[in-house]
Amino acid sequence: MGMDRREFLKLAGITTIAGLGGMTASTALRKGLGEASQVSPDPRALVGKRWAMVINMSKFKTDEDHAKVINACHSIHNVPNIGEPRHEIKWIWKETYEHAFPGQEHEYIEEGVKHKPFILLCNHCDNPPCVRVCPTKATFKRSDGLVMQDMHRCIGCRFCMAGCPFGVRSFNFYDPRQFMTKENREYPTRTKGVVEKCTFCFERLAVGLKPACAEASNGAMVFGDLKDPKSEVRELLRTNYTIRRKPELGTQPSVFYIVGGKNA
Ligand code: SF4
Ligand code: SF4
């Protein structure tokens, strides 16, 4: 890692030590902040019961719109640019409708939708198969719905990659630090041999910030608490028809898509 273990734990705890009144880093990584009953969480922390995202694809109009959210995530999280598709590392990326939503395509889908690049990321599934198959509990689900990845517990067996039916996990075949042009010293780099993915920006939620992609999206990606009937995500789900990836698998993704169409 670019930082040593102590520094990482400090960050993983997110400002932890200072912001969470002595809560250990590992506790902060593993728990939703709302659970941290014996300690005082950072008063700025966003607290939710089931975090979710609604992505309004009609608001993605240009390549630049996609690039903005991808770069926002990858730059702050030190995601390397390997430049080799087989070994690429991606936390958020774009994909065609038919690859994003196999089985939900049909011949009458509006052309603009069929050929539009969709933004994909970890779905933070409510019933995540990746968690069930991880032998070391490096990947785990917090009570606020975030599906996390503890890089220090990951042994690189890649069971989670086989378990995830959405292809959202990446394996570091190389030392990722060689492929970074600029390092964000506030976020840990990873090593060769571990799996990584989107964590719904747990480190930002802990200090009251929305996920970086949502912040960069100009309102196209809305983040909020699915269990709060007054949240913006619930309002969007009430007023729009949305779809999720591979619903037939029963993983219950927490990422919803307003697909849009010609008139959107
Ligand atoms: S999308 Fe994949 S990695 Fe993310 S929670 Fe669901 S099964 Fe796990
Ligand atoms: S929620 Fe955070 S980690 Fe996940 S894709 Fe968005 S910016 Fe990246």
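Just so you know, these numbers come straight off a predicted model, no measurement behind them.

The rules behind the values
- Residues numbered from 1 in each chain as written.
- Chains lettered and ligands numbered in written order.
- Predicted model: local features only at pLDDT ≥ 70, side-chain atom pairs only at ≥ 80, totals over all residues.
- Heavy atoms only, no water.
- Helix = DSSP H or I, 4+ residues; strand = E, 2+ residues; numbered from the N terminus.
- Buried < 20%, exposed > 50% of the residue type's maximum accessible area, 1.4 Å probe, protein only.
- Contact = heavy atoms within 4.5 Å.
- Areas by Shrake-Rupley, 256 points an atom, 1.4 Å probe, with all protein chains shown as cover.
- Near = heavy atom within 4 Å.
- Nonpolar A, V, L, I, M, F, W, Y, C, P; charged D, E, K, R; others polar.
- Phe/Tyr/Trp six-rings, centres within 6.5 Å; stacked < 30°, edge-to-face > 60°.
- Salt bridge = Lys/Arg side-chain N within 4 Å of Asp/Glu carboxyl O.
- pLDDT = per-residue confidence, 0-100.
- Polar contact = N/O pair within 3.5 Å; in protein donor to acceptor, adjacent residues only side chain to side chain.

### A short note on the overall build of the chain
- A count of helices and strands for the chain gives eleven helices and nine strands.
- Buried residues in the chain amount to 52% of all 264 residues.
- Expressed as a percentage of contacts within the chain between residues at least 6 apart in sequence, the contacts between residues at least 24 apart total 64%.
- Of the roughly 12800 Å² of accessible surface on the chain, 51% is carried by carbon and sulfur atoms.

### A look at unusual backbone geometry
- One non-glycine residue, Phe200, lies in the positive phi region at around 55°.
- With respect to the secondary-structure elements, Phe200 resides in the loop between strand E7 (195-196) and helix H9 (202-205).
- With relative accessibility at 1%, the residue Phe200 sits in the buried group.
- In this structure, Asn218 is a non-glycine residue whose phi angle is positive, near 60°.
- Residue position: Asn218 is located in the loop between helix H10 (212-216) and strand E8 (221-225).
- Look at Asn218 and you get exposed, because its relative accessible area is 67%.

### Description of the site of ligand 1
- Not every one of the 14 residues close to ligand 1 is listed here, only the nearest: Cys122, Cys125, Cys130, Cys164 and Arg169.
- Residue classes in the shell around ligand 1 are distributed as ten nonpolar, two polar and two charged.

### Describing the site of ligand 2
- By nearness alone, every residue bordering ligand 2 is listed as Cys73, His77, Trp91, Ile92, Leu121, Cys198, Thr199, Phe200, Cys201, Pro211, Ala212 and Cys213.
- Here the residues of the shell around ligand 2 sort into ten nonpolar, two polar and no charged.

### Looking at the packing of aromatic side chains
- The final tally for this structure, using the stated rule, is ten aromatic pairs.
- Here Trp91 and Tyr187 contribute two aromatic rings whose centre-to-centre distance is 6.2 Å and whose plane-to-plane angle is 80°, an arrangement assigned as edge-to-face. Remark: Tyr187 occurs in the loop between strand E6 (170-171) and E7 and Trp91 occurs in the loop between helix H4 (63-76) and strand E2 (92-96); sequence separation between them is 96 residues.
- Exposure remark for Trp91: the relative accessible area of 1% places this residue in the buried category.
- Summarising the aromatic geometry, the rings of Phe101 and Tyr257 are spaced 5.1 Å apart at their centres and angled 80° between planes, so their arrangement reads as edge-to-face. Of the two residues, Phe101 is situated in the loop between helix H5 (97-100) and helix H6 (111-114) and Tyr257 in strand E9 (residues 255-258); the sequence distance between them amounts to 156 residues.

### Points about the environment of Cys160
- Relative to the elements of secondary structure, Cys160 occurs in helix H8 (residues 159-163).
- The spatial distance from the C-alpha of Cys160 to the C-alpha of Arg132 is 8.3 Å, given a sequence separation of 28 residues.
- In this structure Cys160 touches Cys130, Val133, Thr139, Arg169 and Val195, once residues within four positions along its chain are discounted.

### Some thoughts on the pattern of salt bridges
- A complete count under the given rule lists eleven salt bridges for this structure.
- Across the pair Glu84 and Arg86 runs a salt bridge, and its minimum N-O distance is 3.7 Å.
- Among the ionic pairs, Glu196 bridges to Arg190, the shortest N-O distance being 2.8 Å.
- The buried category is assigned to Arg190, whose relative accessible area is 2%.
- In this structure, a network of salt bridges that share partners links the residues Arg50, Asp126 and Lys141.

### Looking at the confidence of the model for the chain
- Chain-level pLDDT for the chain is 88 on average; 84% of the residues reach the 70-or-more range.
- Note on residues 1-25: pLDDT under 50 across the span, and 67 contacts to partners over four residues away in sequence or across chains.

### Thoughts on the environment of Asp225
- Topologically, Asp225 is positioned in strand E8.
- Sequence spacing of Asp225 and Val47 is 178 residues, and the spatial spacing of their C-alpha atoms is 8.4 Å.
- Once you skip the residues sitting within four places of it in the chain, Asp225 turns out to touch Gly48, Lys49, Arg50, Trp51, Ser231, Val233 and Arg234.
- A polar side-chain atom of Asp225 sits 2.9 Å from the main-chain amide nitrogen of Lys49.

### Overview of the side chain of Thr139
- In this fold, Thr139 is placed in strand E4 (residues 139-141).
- Side-chain polar atoms of Thr139 contact the side chain of Arg169, separated by 2.7 Å.
- What Thr139 contacts, discounting residues up to four positions off in sequence, is Cys130, Val131, Cys134, Val147, Met148, Gln149, Cys160 and Arg169.

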